[in-house]
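Listed below are the residues making up each chain.
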Amino acid sequence: MKIQKQIAVALLLLLTLTGCGGSREEREIAAEERSARRRCAEIVSMYRALYDAAPKREPENRWDAPELPQQDIDAVEQVLIERGLCVVDSSADSPEYLANSEKFYQFLDAVEQNANVSREVLRIRPSGALSYRLFSHREGTTTLYSMTYSLDKTVEPDYAVYRICDPKLTEQGNFYYRIHPEDDHHYANYTRLRLKQPDKELWQQCSRYVLAGGYTGTNIFLTNWTEKDFSGLCFNDVWEYLYRYQHGTRFSPDGYTFDTDKNCYRIPAAEFEGVILPYFQINQENLRQLAGYDSESGCYPWRQIESNDYVFYLNYYTIEPEVTAFRNHSDGTVSITVALLSTDLGVDCLFSHELTVRPQADGGFQFVGNRMLTQTELGLPFCEPRLTWEIAG
């Protein structure tokens, strides 16, 4: 990004000195950057007063800019939405989506007709900075002009230009487009822009139940199992995810005993069982038998995912769960259908599964079972229990 910015600045200087120097393409890029700067300044002026009045909190990383509370970001977004602009709505009660997206649909229809057309998409960053994207289709080519415009006048706008490749719009209202070289592991192949407002009830099912587990280094959502037969579920691996869900922070093994022979840490029984037992209808005896409890040490084995272990995952794709349906049953359980979309492939369902849970009167819940539904020829993520892995190296 910095290199692109330096090139653009050098180009502007050259044009200033020569008056008419540079190629036609270079002059057009420089003109587009000047236009983007003016437009960003205009948009920022629409919410500058809200930004100035909002409290700022210091970020965890001292190199980052101070952040606005989400409620103030919501207020800024609403001002821009009421102006009829296409704005990414980032409110906390649902995933991000594009408000006023009917205008973006009109843009895509015009592109289909190969018309010369453009459309702005705005996003407010946590710092209050404006993330500005201009999608432009001219003479058969679609281009993305991107600028990050800070409200701190000492920070120069960050400008970049990309050619859009392989755009696709799905029936679910996801617009995927690619701006980076294909299969560059530094980025997902595609960027996704959600054009339909998410169903808040479906999102609540996802955030409450599905996000308590995971798809990397755990098989809770990647194998078939029920509470009548837990043998297919690896409790040792899901423990880490439920610890984070229960405590609000990732588990750190610092200070815990490490078993070099088995390449794992020893987690005291009280700590391990205190995390697992509330989420499953299983007694202590069965859990100890299934999760490799060691009576001599009074501990369970747990293997941390090390950087070298990611060799097991490099051949798969980025995935993101979305709940597409749920059913309430007469016994008080709920079955949730989950589709895993992939921004590496630009698809809405790489595989799917049905998770069944039992909500509790105290606000908690138990996992009841999981059933795999569909998958493509690309299969599923690697999901062998970690304690069976060979040491990667």
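Given the structure is predicted, the values throughout are model-derived calculations rather than measurements.

Calculation criteria
Residues numbered from 1 in each chain as written. Predicted model: local features only at pLDDT ≥ 70, side-chain atom pairs only at ≥ 80, totals over all residues. Heavy atoms only, no water. Phe/Tyr/Trp six-rings, centres within 6.5 Å; stacked < 30°, edge-to-face > 60°. Helix = DSSP H or I, 4+ residues; strand = E, 2+ residues; numbered from the N terminus. Buried < 20%, exposed > 50% of the residue type's maximum accessible area, 1.4 Å probe, protein only. Lys NZ or Arg CZ within 6 Å of the ring centre and 35° of its normal. Arc of directions from axis to C-beta. Contact = heavy atoms within 4.5 Å. Polar contact = N/O pair within 3.5 Å; in protein donor to acceptor, adjacent residues only side chain to side chain. Salt bridge = Lys/Arg side-chain N within 4 Å of Asp/Glu carboxyl O. Pairing = 2+ DSSP bridges.

**Q** How do you make sense of the packing of aromatic side chains when you look at a structure like this?
**A** Under the counting rule described, the total for this entry stands at 35 aromatic pairs. Note on Tyr245 and Phe365: the rings are 6.1 Å apart at their centroids and 75° apart in plane angle, and the pair reads as edge-to-face. Of this pair, Tyr245 sits in helix α6 (residues 235–247) while Phe365 sits in strand β17 (residues 365–375); the two residues are 120 residues apart in sequence, bridging distant segments of the chain. Owing to a relative accessible area of 3%, Phe365 belongs among the buried residues under this scheme. Aromatic ring contacts, followed pair by pair, group Tyr209, Tyr215, Phe221, Trp225, Phe230, Phe235, Tyr245, Tyr279, Phe280, Phe351, Phe365 and Phe367 into a single cluster. Over the aromatic face of Tyr293 sits the side chain of Arg288, whose NZ or CZ is 4.1 Å from the ring centroid.

**Q** What is the right way to read helix α5 (residues 200–208) from this model?
**A** For an α-helix the count is 3.6 residues per turn, leaving residues at separations of three or four pointing the same way. Of the residues making up α5, those classed as buried are Leu202, Gln205 and Cys206. Projected onto a plane normal to the axis of α5, the buried residues spread over an arc of 95° and lie on a single side. As for α5, its buried residues are in contact with β14 (320–328) and β15 (334–342). Of the residues flanking the start of α5, the one acting as N-cap is Asp199, its side-chain oxygen 2.9 Å from the backbone nitrogen of Glu201.

**Q** In this structure, what is going on with the pattern of salt bridges? I would like to understand it.
**A** Pairing between side chains of opposite charge can happen when their charged atoms approach one another. Evaluation of the coordinates by the stated rule reveals 20 salt bridges. Sharing partners across several salt bridges, the network here consists of Arg192, Arg194, Glu320 and Glu322.

**Q** Sorry, what's going on with the pairing of strand β16 (residues 347–359) here?
**A** Looking along a regular strand, one sees the side chains alternate between the two faces of the sheet. Where burial is concerned, most of β16 is hidden: ten out of the 13 residues are buried. Two elements, β15 and β16, share eight bridges in a ladder whose sense is antiparallel. Opposite Ile336, over in β16, you have Leu355 as the bridge partner. With antiparallel pairing between neighbouring strands as the criterion, β15 and β16 make up a hairpin whose turn holds four residues, including Gly346 at a positive phi of roughly 70°. Across nine bridges, the pairing between β16 and β17 is antiparallel.

**Q** So what exactly am I meant to see when it comes to the environment of Leu202 here?
**A** Following the sequence through the fold, Leu202 ends up in helix α5. Distance in space between the C-alpha atoms of Leu202 and Phe104 is 24 Å, their sequence separation being 98 residues. Apart from residues no more than four positions distant in its own chain, Leu202 is found in contact with Val323, Thr324, Ala325 and Phe326.

**Q** So what exactly am I meant to see when it comes to the sheet that holds strand β11 (residues 258–259) here?
**A** One open sheet holds the three strands; their spatial order is β11-β12-β13, and the pairing between them is antiparallel. Looking at which strands have only one partner, the edges of the open sheet turn out to be β11 and β13 (299–302). Across two bridges, β11 lies against strand β12 (residues 264–268) in antiparallel orientation. Along β12, the bridge assignment pairs Phe258 with Tyr265.

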